[in-house]
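Listed below are the residues making up each chain.
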Amino acid sequence: MSLGSIIGVDVGGTFTDVFSLDLGTGETAVAKVPTTRPDQSGGFLDGIRAAQPDMGRIRSLVHGTTAGTNALLERKGARTGVITTAGFRDVLEMRRRDRPRTWGLRGDFTPVVPRDLRLEVSERVLADGTVDRTVDLDAVRDAAKALQAQGCEAVVVLFVNAYANPVNEQAAVEALRAVWHNPHVAASSEILPEIREFERFSTTALNGYLQPEVAGYLARLETALKGGGFGGEFMIVQSNGGVMSVDTACKRPVRTALSGPSAGVIAAGYIAETAGYANLITGDMGGTSFDVSMIVGGETVVSPQTSIDFGMVVRTPMIEIATIGAGGGSIASVDAGGLLTIGPESAGSNPGPVAYGRGNTRPTVTDANIVLGRIDATRPLGKGLGALDLEAAKVAIEEHVAKPLGLGVMEAAEAIVRVANSRMAGAIRLVSIERGHDPAKFAYMPFGGGGALHAGAMIDEVGIGRALIPRFPGVTSAMGCVIADMRQDFVQTVNATLDALDLPGLADHMQTHFGEGQMVLESAGSEFASREERFELDMAYIGQTHTVSVPISVKVESGRVQAPTREAVREAFEASYRGLYGRLLKSGIRVLNLRSSVIGKRPKFDLARLAPAKDATVEAAERGSRPVFVRGQWEEARIVARLELPVGARIDGPAVLEQPDATIFVEPWLSATVDSYGNIIIEQKGEQA
């Protein structure tokens, strides 16, 4: 009898991707449907039904969402009010005294909460946690009434030094919840109990700004899913690569800021590890953006802070991802100076590229690939699309690129792709070469609907050793939703010198984080293969501004966290500092923050299930040939059904490998082989066995 299925759904700017795994038979199904705007839930449900028509059989559904990211980038969050300490209403606007253009004297910034919605009340906690002035609760209630009268849907409490002692914030929130008209109330000590006022204020304000939008979106999804017969667990991917419950996502929507791309990196890491690659550069090319990340020594690179846009700082653990506007739907144009540019504006899913025939007249990267013969106009990706309009794509490229640059249509189409490749290569260099890594020692994993079309170009442009293309590159992020573990992250500022550090008090903080994390795992109702806890300290030499993340090994016995020794903390710091900088300093050491993670390891499916059928043959996979335009001339390229290739098959370029969710282009000087898991390895012809 079937055990049901687990489904991952990744909603992108152009397509909604679905990966379904039957837990009983091990069979997989994928689907790619256009994303619906403005309400993404329509495409979400269409994608699920395409992969699994019977929602009653779905045991678990995991969603990578861009709802929060889009709300931030498009400034379409909720009208939010702030209640803060007297004298601190402008922290959100002053930021870190940075500016949009480093070398310019012009620029402006509009905070997500306007000044008239940032109200002050009397209270004060000192930096050591001493309550200098208790909060005026009557003033808090009056501020709440004033903000409601101005149409605020959410309210956040931002008190100075609340990380050191949250008592005033807690009292204010309790008073607020008694009079506020909805559940969207939060305090900075709940969201980020960490030193540094602006980062704490910004993260909490953005969390409130997103709460009504994300909570409403998820509520609509849950209602629609239940109406369709779904009764399993529903979870959301976090920016740290873990998953969380819908309830947690509604309370902490800021943790979904890079939800979808993070899921792709998690899947890429698992696929690469299984295939024997510890060092990996990932490139997720969807319809709107190109997202790049790294996996070094089998570990994803996680950053404690990121900027979604200028002045919109989110301090919560996130997989480090560099994003540029170079997706398949990115629009190509010639600027006033006569330079060909790609993006950041995108045609999205509606109207989409010119060839979609939905009203767009400006050429995109996808249109260029169609004109060059790399995408078959008669068999487009995704359900719901008919044959593509090749001639319309040619006309658009001629009018907007070829004529302004004095080029032929084919040369202009190739120029569009080359500029896009150059921009993508720049993003890869940013996360690799500029951080001291040699790309030749890394494999490159492209995914997303368009990533595999440009894999060979990245080998040439950046000098990457080889490309590793997963079995289903177009839905890799959706697969990552199925693979991701459940994870809860916590932070607490301790701010003490190592010599004065209260070790039993540190252990108490660890115990609190451990207990809260275990409660979250228990409440999820999921089955975990194992559980794991991780503790890190942000440390630095006294006088330094920037800290080093120091993993701390501690024992947990009978549910109790044992305090580390002072010497063990010192040794761990020196090992981490020496590893980063090659030397130690003769100075005292400060411990700034404790960071904790509690992880529930979800069972992983065997990637061998995705391997090609044993009776597969190259002959059966052949689909003839067609001309493709490469480096200024036409080449006759083999057309191959990628999923029908057997293990060990080798396809020399030029070739186009087609599958329902993606297209792989193999340049004439490259060759592709199929490994035992069904991945495609692309290398220079002379480097393959």
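In this text, all values refer to a predicted model and were calculated from it rather than measured experimentally.

Basis of the calculations
- Residues numbered from 1 in each chain as written.
- Predicted model: local features only at pLDDT ≥ 70, side-chain atom pairs only at ≥ 80, totals over all residues.
- Heavy atoms only, no water.
- Helix = DSSP H or I, 4+ residues; strand = E, 2+ residues; numbered from the N terminus.
- Rg over C-alpha atoms; globule rule 2.2 N^0.38 Å.
- Buried < 20%, exposed > 50% of the residue type's maximum accessible area, 1.4 Å probe, protein only.
- Contact = heavy atoms within 4.5 Å.
- Lys, Arg positive; Asp, Glu negative; His and termini not counted.
- Charge placed at Lys NZ, Arg CZ, Asp CG, Glu CD.
- Pairing = 2+ DSSP bridges.
- Axes fitted to C-alpha atoms, helices over the stretch in contact; angles between N-to-C directions.
- 1 Å grid on protein atoms, 1.4 Å probe; cavity = no way out; pocket = protein on both sides within 12 Å on 5 of 7 lines; lining within 4 Å.
- Points joined across faces, edges and corners; volume = space filled by probe spheres on them.
- Nonpolar A, V, L, I, M, F, W, Y, C, P; charged D, E, K, R; others polar.
- Core = buried A, V, L, I, M, F, W, Y, C linked by side-chain atoms within 4.5 Å.
- Expected span 1.5 Å × (residues − 1).
- Arc of directions from axis to C-beta.
- Phe/Tyr/Trp six-rings, centres within 6.5 Å; stacked < 30°, edge-to-face > 60°.
- Salt bridge = Lys/Arg side-chain N within 4 Å of Asp/Glu carboxyl O.
- Polar contact = N/O pair within 3.5 Å; in protein donor to acceptor, adjacent residues only side chain to side chain.

Draft legend 1. Region of interest: the overall build of the protein. Helix and strand counts for the protein come out as 17 helices and 37 strands. The C-alpha radius of gyration computed for the protein amounts to 26 Å, which stays within 12% of the reference 26 Å derived for 689 residues, consistent with globular compactness. The burial tally for the protein puts 57% of its 689 residues in the buried class. Considering only contacts within the protein whose residues lie at least 6 apart along the sequence, 68% involve residues at least 24 apart. Of the charged side chains in the protein, 68 are positive and 81 negative; the average position of the first set lies 2 Å away from that of the second.

Draft legend 2. Geometry of the sheet that holds strand S9 (residues 154–158). Judged by pairing direction, the sheet is parallel, and its 4 strands sit side by side in the order S6-S5-S9-S10 without closing on themselves. Every other strand in the sheet has two partners, leaving strand S6 (118–121) and strand S10 (185–187) as the edge strands with one partner each. Within this sheet the neighbouring strands show an average axis-to-axis angle of 20°, counted without direction. Here strand S5 (residues 80–85) runs beside S6; their pairing, made up of 4 bridges, is parallel. The partner of Val 82 across the bridge, within S6, is Arg 118. Across the sheet, helix H4 (residues 137–149) is in contact with S5, S6 and S9; its angle to S5 comes to roughly 160°. Relative to the sheet, helix H5 (residues 167–179) contacts S5, S9 and S10, its axis offset from that of S10 by approximately 175°.

Draft legend 3. Representation of the pairing of S5. Taken across its 6 residues, S5 has 6 buried, putting it largely inside the fold. Alignment of S5 against S9, held across 5 bridges, turns out to be parallel. When the sheet's bridge partners are listed, Thr 84 is paired in S9 with Leu 158.

Draft legend 4. Highlighting empty space enclosed by the protein. Following the criterion strictly, the structure yields 4 cavities of 30 Å³ or more and no others. Space inside the largest cavity adds up to approximately 70 Å³. In terms of residue count, helix H7 (residues 197–227) provides more of the lining of the largest cavity than any other element does, 3 residues in total. Residue composition of the lining of the largest cavity, grouped by class: 8 nonpolar, 2 polar and no charged. Computed from the structure, the second largest cavity encloses a volume of approximately 50 Å³. If you trace the second largest cavity, you find it lined by Ile 271, Pro 470, Arg 471, Met 479, Leu 607, Leu 610, Tyr 677 and Asn 679. Tallied by class, residues from the lining of the second largest cavity come to 6 nonpolar, 1 polar and 1 charged.

Draft legend 5. Seen up close, the nonpolar core. Judged by nonpolar contacts, the single largest core of 71 residues is most densely connected at Phe 290, Ile 416, Ile 428, Leu 657 and Ile 682. Examining the composition of this core, we find that 12 residues originate from one element, helix H12 (residues 409–431), more than from any other. Among residues more than four places away in sequence, those in contact with Ile 428 are Ile 281, Phe 290, Val 292, Tyr 444, Met 458, Val 462 and Ile 464. By size, the runner-up hydrophobic cluster in this structure holds 69 residues, among which are Leu 119, Val 155, Trp 180 and Cys 250.

Draft legend 6. Up close: H5. Between its first and last C-alpha atoms H5 spans 19 Å; for 13 residues at 1.5 Å apiece the expected length is 18 Å, and the two agree. Of all the residues in H5, the buried ones are Asn 168, Glu 169, Ala 172, Val 173, Ala 175 and Leu 176. Seen along its axis, H5 keeps its buried residues to an arc of 165°; they face one direction. Along H5, the residues that are exposed and aim more than 90 degrees away from the buried face are Glu 174 and Ala 178.

Draft legend 7. Quick look at the packing of aromatic side chains. Under the counting rule described, the total for this entry stands at 8 aromatic pairs. For the pair Phe 573 and Tyr 577, a centre-to-centre distance of 5.5 Å together with 45° between the ring planes defines the contact as tilted. Here the residue Phe 573 and the residue Tyr 577 both occupy positions in helix H16 (residues 566–581), the gap between them amounting to 4 residues, near one helical turn. On the numbers, 4.8 Å between centres and 50° between planes, the contact of Tyr 577 with Tyr 581 is tilted.

Draft legend 8. Spotlight on the sheet that holds strand S35 (residues 662–666). Taking strand neighbours across the sheet as the criterion, the 4 strands line up as S31-S32-S34-S35 in an open arrangement whose pairing is mixed. Sheet topology places strand S31 (622–630) and S35 at the edges, where each strand pairs with a single neighbour. Put simply, the sheet's adjacent strands are angled 25° from each other on average, direction ignored. Here 4 bridges tie strand S32 (residues 633–641) to strand S34 (residues 655–659), and the two strands are oriented parallel to one another. Each bridged residue has a counterpart across the sheet, and for Arg 638 the counterpart in S34 is Ala 655.

Draft legend 9. Spotlight on the pattern of salt bridges. Inspection of every chain in the model, using the stated rule, returns 34 salt bridges. A salt bridge links Glu 169 to Arg 200; the nearest nitrogen and oxygen atoms lie 4.0 Å apart. Here Glu 169, found in helix H5, pairs with Arg 200, found in helix H7; they are 31 residues apart in sequence, far enough to count as distant. With a relative accessible area of 0%, Arg 200 lands in the buried category. Between Asp 247 and Lys 251 there is a salt bridge whose closest N-O contact spans 3.3 Å. With Asp 247 and Lys 251 both in helix H8 (residues 246–251) and 4 residues apart, this pair spans about one turn of that helix. Exposure remark for Asp 247: the relative accessible area of 45% places this residue in the partly exposed category.

Draft legend 10. Just the layout of surface pockets, in detail. In this structure, the second largest pocket spans a volume of roughly 430 Å³. Around the second largest pocket sit 18 residues that line it, and Ile 6, Leu 23, Arg 59, Glu 527 and Pro 603 are the ones nearest its centre. When contributions to the lining of the second largest pocket are tallied by element, the ones reaching two or more residues are strand S4 (58–64), strand S11 (233–237) and helix H14 (476–483). Here the lining of the second largest pocket is composed, by residue class, of 9 nonpolar, 3 polar and 6 charged.

Draft legend 11. Spotlight on the side chain of Asp 17. Along the chain, Asp 17 falls in strand S2 (residues 15–22). Given the relative accessible area of 8%, Asp 17 is considered buried. Among the polar contacts listed, one links the side chain of Asp 17 to the side chain of Lys 32, at a separation of 2.8 Å. In this structure, Asp 17 is in contact with Gly 8, Val 9, Asp 10, Ala 31, Lys 32, Gly 474, Val 475 and Ala 478, ignoring residues within four places of it in sequence.

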